[in-house]
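Remarks on the overall topology
Residues per chain, in single letters:
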Amino acid sequence: MAVCTVYTAQSLNSSCSISTPSKSHLRFHQKQVIFFTKRSRNTRNHVITCSASDAEKTVVIGLAADSGCGKSTFMRRLTSVFGGAAEPPKGGNPDSNTLISDMTTVICLDDYHSLDRTGRKEKGVTALDPRANDFDLMYEQVKAIKDGVAVDKPIYNHVSGLLDPPEVIKPPKILVIEGLHPMYDERVRDLLDFSIYLDISNEVKFAWKIQRDMAERGHSLESIKASIEARKPDFDAYIDPQKQYADAVIEVLPTQLIPDDNEGKVLRVRLIMKEGVKNFNPVYLFDEGSTISWIPCGRKLTCSYPGIKFTYGPDTYFGNEVSVLEMDGQFDRLDELIYVESHLSNLSSKFYGEVTQQMLKHADFPGSNNGTGFFQTIVGLKIRDLYEQIVASRAGAPVTAAKA
Ligand SMILES: Nc1ncnc2c1ncn2[C@@H]1O[C@H](COP(=O)(O)OP(=O)(O)OP(=O)(O)O)[C@@H](O)[C@H]1O
Ligand SMILES: O=C(CO)[C@H](O)[C@H](O)COP(=O)(O)O
C-alpha cells in the first residue's frame, strides 16, 4: 500500500514531475492541489520533483548556533525588520517551535531530531550528534518548501522530549532554518541563499547560561558546568566547523578594554562578512577596504568606563576574503547610536537612522546596548536587502522552465 501525502502548491505556476520505475517520467503543470505518493519503502524509487516559478521561490536563510546563544533573540530582531510580529502556527501544537509572520517562517531544526530524549539517552548520543538527526528528511523538506510545496514537518517537543505529530509548513516568502545544523549537510547548505553563524566564545556562553539557567530556570552552577562540558566534544566536532561556510559570522568575545575581565558583561563583538557573496555587500566604516580604528567617545557619544572602540578592515577567515567590523564596549544611550550609524555605509537601511530606530524599538532585548544587538539588527537589514534583490532580479529575468 502506498503512503500518500498531500502537497499544496504555493504557486499556480508550480511545475511538477514524478518519475517511477514503471512510468518513466510524468510531468504535471500545477493548478491548485496535488496528491502525490511520497517516496517511501512502499513506493521505492519514486522521485517527485516540483517547483514554483522562479519568481515565487522561497528565499532560504540558515542561522546556526549552539543552544542558548541568542538565535531566538536574533530571529525577533529579523522579523521586526520585515514589519510583523512572529507567532506560532494558529490552532496548532502549543509546543510548536515554528514562528510565522507575514513575510517569514522560522523553523527550528531541532524538529529533525530522529531520536527523542529517551532514544538519545539509550544510544548515548547528544542532540548535536548527526546520528540523532534526520538530514535526509531535512533536505527533502527544505527543498520542497524552496520549490513552493508545503510539507508535513515533524515537531520535537522540548517540554516532553518526544517527537509529536507533524505540522504543515506552507512555503513563505522567506524561510529561516535555525538551529544546530543548518550548514552541516552539504545538500541543505546548497539550498541556502544566505547563512549566518553566531559564534559565542566559551566564556560568554557560560556567562549567558548562568544568567538564564540559574536565574530563570533554577539550575545549579555545577549542573550548568556539567551540561556545557558534556556538549563540548560534539559541539567542537559538528557545530563549530559550520562557521567556515557562513556568509556572515557574529563572533562574541570578552572585552579587551578591561584587562583580565572575566565577568562577560562587556563584550567585544565582531561582524565577519564574506566578500563576493551574491546580493550581499559588506558594511564598512568610513572607507571601504581600509583599516580603521575609531573611538567615538567624544562630544556626540556618551561613554562611561571602559568606553567604546570600533575597528574595521579586511581579513581572511577560513581562507576566504572577509571584511570585519568590530565593536568593543557598550552604549550608554541608545538614542546616540545614530552618531555611529551615520559613519557606517552599505547598511541597506531604507531611511536615515533605521538601525537606531530598530535598536530603540527593542531596547529590552538582550544585547541591545552592545555589538550583539547592533550587528544582529544590521544583518537583519542586509537580509531584507538580499531578499529584495533576489525578488527584483527574478522579476527582471525570463521565467525558466522547471527542471525535472
Ligand atoms: N546578546 C545577548 N546579550 C546577553 N545575553 C544574551 C544575548 N543573547 C542571548 N542572551 C542570553 O541567552 C539566553 C538565550 O537567548 P536566546 O533564547 O535568544 O537563545 P537561543 O539560541 O534561541 O536559545 P535556545 O536554543 O536554548 O532556545 C537569553 O535568555 C539571555 O539570557
Ligand atoms: O541543543 C539543543 C538545541 O536546542 C537541545 O539540547 C536539543 O534540541 C535537545 O533538547 P532537549 O534538551 O529539550 O531534549
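Residues numbered from 1 in each chain as written. Chains lettered and ligands numbered in written order. Predicted model: local features only at pLDDT ≥ 70, side-chain atom pairs only at ≥ 80, totals over all residues. Heavy atoms only, no water.

Remarks on the pairing of strand β17 (residues 308-317)
Our working definition: For two strands to count as paired, DSSP must find a minimum of two bridges between them. Each helix is a run of DSSP H or I of at least 4 residues and each strand a run of E of at least 2, with the numbering of both proceeding from the N terminus.
For strand β16 (residues 292-294) and β17, the ladder comprises 3 bridges, and the chain directions are antiparallel. Within the sheet, the bridge partner assigned to W294 lies in β17 and is F310. In the sheet, β17 pairs with strand β18 (residues 320-329) via 10 bridges, with the strands oriented antiparallel. Each bridged residue has a counterpart across the sheet, and for P314 the counterpart in β18 is S323. From the end of β17 to the start of β18, which pair antiparallel, there are 2 residues, and F318 there has a positive phi angle of about 50 degrees.

A look at the environment of K143
Which entries qualify depends on this criterion: Partly exposed residues are those whose accessible area sits between 20% and 50% of the maximum for their type, while under 20% is buried and over 50% is exposed, using a 1.4 Å probe and protein chains only. In the analysis that follows, any N or O atom pair within 3.5 Å is treated as a polar contact, provided that within protein one partner can donate a hydrogen and the other can accept it, and provided that, for residues neighboring in sequence, both atoms belong to side chains.
Its place among the elements puts K143 in helix α3 (residues 135-146). Using a relative accessible area of 27% as the deciding quantity, one classes K143 as partly exposed. C-alpha separation for the pair K143 and V60, spaced 83 residues apart in sequence, amounts to 9.4 Å. Within the structure, K143 has its side chain in polar contact with the side chain of D147 (distance 2.8 Å).

A closer look at unusual backbone geometry
The linkage connecting Y305 with the following residue, P306, adopts the cis geometry, with an omega of 5 degrees. By the secondary structure assignment, P306 is in the loop between β16 and β17.

Some words on the nonpolar core
Nonpolar side chains in soluble globular proteins generally cluster together in the buried interior. To keep things clear, this is the line we draw: What is meant by a nonpolar core is a set of buried Ala, Val, Leu, Ile, Met, Phe, Trp, Tyr and Cys residues, joined one to another through side-chain atoms within 4.5 Å.
Membership of the largest hydrophobic core comes to 56 residues, with the highest contact counts inside it found for F194, F310, L325 and F374. Ranked by residue count, the leading element in this core is helix α9 (residues 371-396), at 9 residues. Core analysis: the next-biggest nonpolar cluster, separate from the first, contains 31 residues, L128, I145, I239 and I272 among them.

Quick notes on the packing of aromatic side chains
What counts here: Paired rings are identified among Phe, Tyr and Trp, the last through its six-membered ring, by centres lying within 6.5 Å, and are further divided according to the angle between planes into stacked (under 30 degrees), edge-to-face (over 60) and tilted (the rest). Whether a charge sits over a ring comes down to the Lys NZ or Arg CZ being within 6 Å of the ring centre and within 35 degrees of the ring normal.
Applying the stated criterion to the full structure yields 11 aromatic pairs. Residues Y184 and Y238 carry aromatic rings whose centres are separated by 6.2 Å and whose planes lie at 75 degrees to one another, so their mutual orientation is edge-to-face. On the criterion of sequence distance, the pair formed by Y184 in the loop between β11 (174-179) and α4 (186-189) and Y238 in helix α6 (residues 221-239) is long-range, its members being 54 residues apart. Centroid distance W294 to F310: 5.8 Å. Interplanar angle 40 degrees. Geometry classified as tilted. Taken as a pair, W294 in strand β16 and F310 in strand β17 lie far apart in primary sequence, 16 residues in all. The two residues W294 and F310 agree in class, both being buried. One aromatic cluster is present, built from ring pairs that chain together F286, W294, F310, F331, Y339, F374 and F375. Sitting over the ring of F365, R76 keeps its end group 4.0 Å from the ring centre. Note that K205 overlies the ring of F235, its terminal NZ or CZ placed 3.6 Å from the centroid.

Observations concerning the environment of D136
Residue position: D136 is located in helix α3. Using a relative accessible area of 45% as the deciding quantity, one classes D136 as partly exposed. Along the primary structure D136 and Y112 are separated by 24 residues, whereas in three dimensions their C-alpha atoms are 9.5 Å apart.

Observations concerning α6
Inclusion rule: Bend at a given residue is defined as the angle between two axes, one fitted to the seven residues that end at that position and one fitted to the seven that begin there. A contact between two residues is defined here by any heavy atoms of the two lying within 4.5 Å.
A bend of about 40 degrees at K232 is the largest found in α6, and the proline P233 appears one to four places after it. Taken as a whole, α6 has its buried residues at I224, I228, D234, F235 and I239. Along its buried surface, α6 packs onto β12 (194-200) and α5 (202-216).

Comments concerning the pattern of salt bridges
As a reminder of what qualifies: Whenever a carboxyl oxygen of Asp or Glu lies within 4 Å of a side-chain nitrogen of Lys or Arg, that contact is scored as a salt bridge.
For the structure on display, the rule yields 23 salt bridges. The partner of D199 in a salt bridge is K243, and the shortest N-O contact between them spans 3.1 Å. Of this pair, D199 sits in strand β12 while K243 is found in the loop between α6 and β13 (248-254), placing the two residues 44 residues apart along the sequence. With relative accessibility at 9%, the residue D199 sits in the buried group. By relative accessible area, K243 is classed as buried at 13%. Via salt bridges that share partners, E251, R268, R270 and E326 belong to a single interconnected network.

Let's talk about the confidence of the model for the protein
Interpreting fine coordinate detail is not advised for predicted regions of low pLDDT. We count it as follows: Known as pLDDT, the predictor's confidence for each residue is given on a scale from 0 to 100.
Confidence in the prediction of the protein, expressed as mean pLDDT, is 86, and 84% of residues score 70 or more. Across residues 18-47, where pLDDT falls below 50, the model places 77 contacts with residues more than four positions away in sequence or in other chains. Confidence drops under pLDDT 50 across residues 399-404; counting only partners more than four residues distant or on other chains, this segment forms 11 contacts. Confidence estimates for the predicted assembly give a pTM of 0.87 and an ipTM of 0.96.

Observations regarding α3
Rule in force here: To estimate how far a helix should extend, the number of its residues minus one is multiplied by 1.5 Å.
An ideal rise of 1.5 Å per residue puts 16 Å on 12 residues; α3 measures up with 16 Å between its terminal C-alpha atoms. Along α3, the residues that are buried comprise F135, L137, M138, Q141, V142, A144, I145 and K146. On its buried face, α3 sits against β6 (59-64), β9 (151-156), β10 (163-169), β11 and α4. With a side-chain oxygen lying 3.3 Å from the backbone nitrogen of D136, the N-terminal cap of α3 falls on D134. Downstream of α3 by one or two residues, G148 has phi in the positive range, about 90 degrees.

A closer look at the site of ligand 1
Formally: When at least one non-hydrogen atom of a residue lies within 4 Å of a molecule or strand, that residue is treated as near it. Computed with the Shrake-Rupley method and a 1.4 Å probe, the accessible areas treat only the protein chains shown as cover for residues. Only Asp, Glu, Lys and Arg are considered charged in this grouping, and only Ala, Val, Leu, Ile, Met, Phe, Trp, Tyr, Cys and Pro are considered nonpolar; every other residue, Gly among them, is considered polar.
In the region of ligand 1, 14 residues are neighbours, and G68, G70, S72, T73 and T372 sit closest. Within the contact set of ligand 1, an oxygen atom lies 3.1 Å away from a backbone nitrogen or oxygen of C69. Within the side chain of R212, a nitrogen or oxygen atom sits 3.1 Å from an oxygen atom of ligand 1. In the complex, the protein chains occlude 82% of the 630 Å² of accessible area that ligand 1 would expose alone. For the shell around ligand 1, the secondary structure elements donating two or more residues are α1 (71-81) and α5. Tallied by class, residues from the shell around ligand 1 come to 3 nonpolar, 8 polar and 3 charged.

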